[in-house]
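One letter stands for each residue in the lines below.
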Amino acid sequence: MPLQPNLRSQSLTESVTLAIAGKAKKLKADGVDVVSLSAGEPDFGTIESVAQAGIEAIRGGQTRYTAAAGTPELRAAGAAWFQSEYGLDYTAAQVMATAGIKPALHMALMAIVEPGDAVLLPAPYWVSYPSLIEIAGGRSIDVESVPDQAFIHTGEQILAAARQHGAKGVMLNYPNNPTGAVPSPAQMKELVAAAVEADLWIISDEIYATMTYDGAEFVSPASLAPERTLVVNGGSKSHSLTGWRIGFLAGPEEIVAAAAKLQSQAIGNPCSVSQAAGLVAAADDHRAEVTRRVAAFDERRQYLVPALNEIDGVAAQMPLGAFYVMADVRQLCERLGIDDVELCSRLLDQARLALVPGQPFAAPGFVRLSYAASMDDLKEAVARLAKFAETIG
Ligand SMILES: Cc1ncc(COP(=O)(O)O)c(C=O)c1O
């Protein structure tokens, strides 16, 4: 009998976004003229001084094991960065370095979820969350998407779901991937009050926190309920550090210590070279460059959303953060008698346009477009989508 992977690994799904981006890349490599708005990473390079710090770390021999939770310098710089950027008060012991946000989420969930615990996922949510909860032994519970509320749930909706399922935690992600939603400070207060009332852990994925538009103000739930909030954040998106694999987990000291113990056994320290780069990212002031990049995304957002709304059968709300638009394509799907997954498949095959279907984000009838792409690509994508929509009338 051939060896089989265990049931846990068989039950996990592959990331749909990575699968589509991979298919688009392969078509491009084969010489097919594909436009892809499927990527979840900035089209800018790593901030130069940060990259340089990595190069110097290699040259200077910073290539050995470090403490598993990160160097003391990086943890201290992380605590200072949380304070200066977001007004969050952490000691160095409350901050650990991780190999990016995914491992930070993994360690956080592994440190708090008991077998069978229910963790709420307000939909739409980032595709990896259900698998991360499942790996930690929990059960993910979808809280139905609320497009009519600009994709932001009320406290009451969270409280009702928490009571119905006896939930132990809730994962929040604002600015949101895939919708770009950013709650107002009052809405965030309401969400946190619901979590307090239902005695939930809050796992807050704040990786897009520097990317807000139209004056939207992001408030971290950790500023309202630090005793029950685990924050994950870093420079993956703001400093284009996606491939470096470096990030932070911050929260109550006992939980961070437990997560660090797990990390020490399962992973070891995050890459020493990336920690050196991360130290410069956290300790030096890169606000001017980060702001310049956000302004570039804003320009693209302001082009893309009205252009999408010009297309018959497509409707998009103006996102207030991140670099995604979640477009409502229910009319297009209805006319064709297909769902969003099949629509994306046809768009790729027939229009040579790669978009991500809403279903894996728990938003059927929607598609996600990333505007971390050049203006030329955005214009071409809109032209292809419009032509596709026209042909089906
Ligand atoms: C909401 C969200 N969290 C986490 C990540 C992954 O971040 P990292 O590359 O630091 O693991 C992504 C990447 O697309 C994301 O969109």
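Chains are numbered independently. Their residues run from 1 in the order of the written sequence. Owing to the predicted nature of the model, reporting of local features is limited to residues with pLDDT of at least 70; listing and counting of side-chain atom pairs is limited to 80 or more, with chain, interface and lining totals taken over all residues. Excluding hydrogens and water, the side-chain figures rest on all heavy atoms present in the structure.

What follows covers the site of the ligand. Neighbouring residues of the ligand: 14 residues in total, closest Asn177, Asp205, Tyr208, Ser236 and Lys237. Between the ligand and Arg245 there is a distance of 2.8 Å, counted from an oxygen atom to a side-chain nitrogen or oxygen. When atom positions are compared with the pocket grids, the ligand is found to occupy the largest pocket. Residue classes in the shell around the ligand are distributed as five nonpolar, five polar and four charged. Any residue with a heavy atom positioned within 4 Å of a molecule or strand is treated as near that molecule or strand. Pairing of N or O atoms within 3.5 Å defines a polar contact, subject to two protein rules: one partner must be a possible hydrogen donor and the other a possible acceptor, and residues neighboring in sequence count only if both atoms are side-chain atoms. Every definition here rests on a 1 Å grid over the protein atoms only: cavities are sets of points where a 1.4 Å probe fits but cannot get out, pockets are open sets enclosed by protein on both sides within 12 Å along at least five of seven lines, and lining residues have some atom within 4 Å of a point. Molecule-in-pocket calls rest on the fraction of atoms, with more than half required to lie within 2 Å of the cavity or pocket grid points. Classes in brief: Ala, Val, Leu, Ile, Met, Phe, Trp, Tyr, Cys and Pro nonpolar; Asp, Glu, Lys and Arg charged; the others, Gly included, polar.

Residues belong to one nonpolar core when they are buried, are Ala, Val, Leu, Ile, Met, Phe, Trp, Tyr or Cys, and are joined through side-chain atoms within 4.5 Å. Each residue's exposure class comes from its accessible area (1.4 Å probe, protein chains only) as a fraction of the maximum for that residue type: buried when under 20%, exposed when over 50%, partly exposed otherwise. Membership of the largest hydrophobic core comes to 132 residues, with the highest contact counts inside it found for Phe82 and Leu120. Considering each element in turn, this core owes the most residues, eight residues, to helix α11 (residues 287-309). Two residues qualify as a contact provided that any one of their heavy atoms is within 4.5 Å of a heavy atom in the partner residue. Beyond its immediate chain neighbours, meaning those up to four positions away, Phe82 contacts Gly87, Leu88, Tyr90, Val95, Val231, Asn233, Phe248 and Ala250. A helix here means a DSSP run of H or I that spans at least four residues, while a strand means a run of E at least two residues long, and both kinds are numbered starting from the N terminus.

Right, let's talk about the sheet that holds strand β9 (residues 315-316) for a bit. DSSP-based pairing: two strands are paired if at least 2 bridges between them are found. With antiparallel pairing, the four strands of this open sheet are ordered in space as β9-β10-β13-β12. The strands lining the two open edges of the sheet, one partner per strand, are β9 and β12 (356-357). Pairing analysis gives two bridges linking β12 to strand β13 (residues 366-370), with the strands arranged antiparallel. Residue pairing in the sheet places Pro357 in a bridge with Val367 of β13.

What follows covers the sheet that holds strand β2 (residues 95-98). Read from one edge to the other, the open sheet built from seven strands follows the order β2-β8-β7-β6-β5-β3-β4, with strand pairing classed as mixed. Each having just a single partner strand, β2 and β4 (139-143) make up the two edges of the open sheet. Direction aside, the axes of adjacent strands within the sheet are offset by 20° on average. Here strand β7 (residues 229-233) runs beside strand β8 (residues 247-250); their pairing, made up of three bridges, is antiparallel. Bridging from a neighbouring strand, Val232 pairs with Leu249 of β8. Structural elements are reduced to axes, namely lines fitted to C-alpha atoms, with helices fitted over the stretch in contact, and the angle between N-to-C directions of any two is expressed from 0 to 180 degrees. The strands touched by helix α4 (residues 72-86) are β2, β7 and β8; relative to β2, the strand with the most contacts, the crossing angle is about 110°. Against the sheet, helix α7 (residues 155-165) makes contact with β3 (118-122) and β4, and its axis sits at roughly 155° relative to β3, the strand it touches most.

Quick look at the side chain of Ser238 now. With respect to the helices and strands, Ser238 occurs in the loop between β7 and β8. Residue class for Ser238 comes out buried when judged on its relative accessible area of 4%. A distance of 2.8 Å separates a polar atom in the side chain of Ser238 from a polar atom in the side chain of His239. For Ser238, the residues in contact, after removing those within four places along its chain, are Ile47, Thr210, Met211, Val290 and Arg293.

What follows is about the packing of aromatic side chains. Between the rings of Phe, Tyr and Trp (Trp by its six-membered ring), a pair exists once the centres lie within 6.5 Å; its type follows the angle of the planes, with under 30 degrees stacked, over 60 edge-to-face, and the other angles tilted. In the structure shown here, the tally under the stated rule is twelve aromatic pairs. In this structure an aromatic cluster arises from ring pairing among Phe44, Tyr208, Phe297, Phe323 and Tyr324. The rule is short: NZ of Lys or CZ of Arg within 6 Å of the ring centre and within 35 degrees of the ring normal puts a charge over the ring. Looking at Lys379, its charged tip hangs above the ring of Tyr303, at a distance of 5.7 Å from the centre.

Let us now look at the layout of surface pockets. Grid points are joined across faces, edges and corners, and a volume is the space filled by probe spheres set on the points. Considering only enclosed or pocket space, the largest pocket measures out at about 860 Å³ in volume. As for the largest pocket, its lining consists of 34 residues, and the residues nearest its centre are Leu18, Ala39, Gly40, Glu41 and Lys237. Elements with a contribution of two residues or more to the lining of the largest pocket: α2 (16-29) and α5 (101-112). Looking at the lining of the largest pocket element by element, the count peaks at seven residues for α2. When the residues that make up the lining of the largest pocket are grouped by side-chain class, the tally is 13 nonpolar, twelve polar and nine charged.

Turning our eyes to something else, we now look at the packing of helix α13 (residues 340-351) against helix α14 (residues 375-392). Geometry of a packed helix pair, given as the angle between the helix axes and the separation of the axes. Between α13 and α14, the shortest axis-to-axis distance is 11 Å and the interhelical angle comes to 105°. The pairing of α13 with α14 is recorded here as roughly perpendicular in orientation. Residue-level inspection shows Leu343, Arg346, Leu347, Gln350 and Ala351 of α13 in contact with α14, the latter providing Arg384, Leu385 and Phe388. A per-class count over the contact of α13 with α14 returns five nonpolar, one polar and two charged. Angle categories: roughly parallel below 35 degrees, roughly antiparallel above 145, roughly perpendicular from 65 to 115, and oblique for all the rest.

Moving on: the side chain of His239. Mapped onto the elements, His239 comes out in the loop between β7 and β8. For His239, a relative accessible area of 7% gives the class buried. Ignoring anything within four residues of it in the chain, the contact list for His239 reads Gly45, Thr46, Ile47, Val50, Ala281, His286, Val290 and Arg293.

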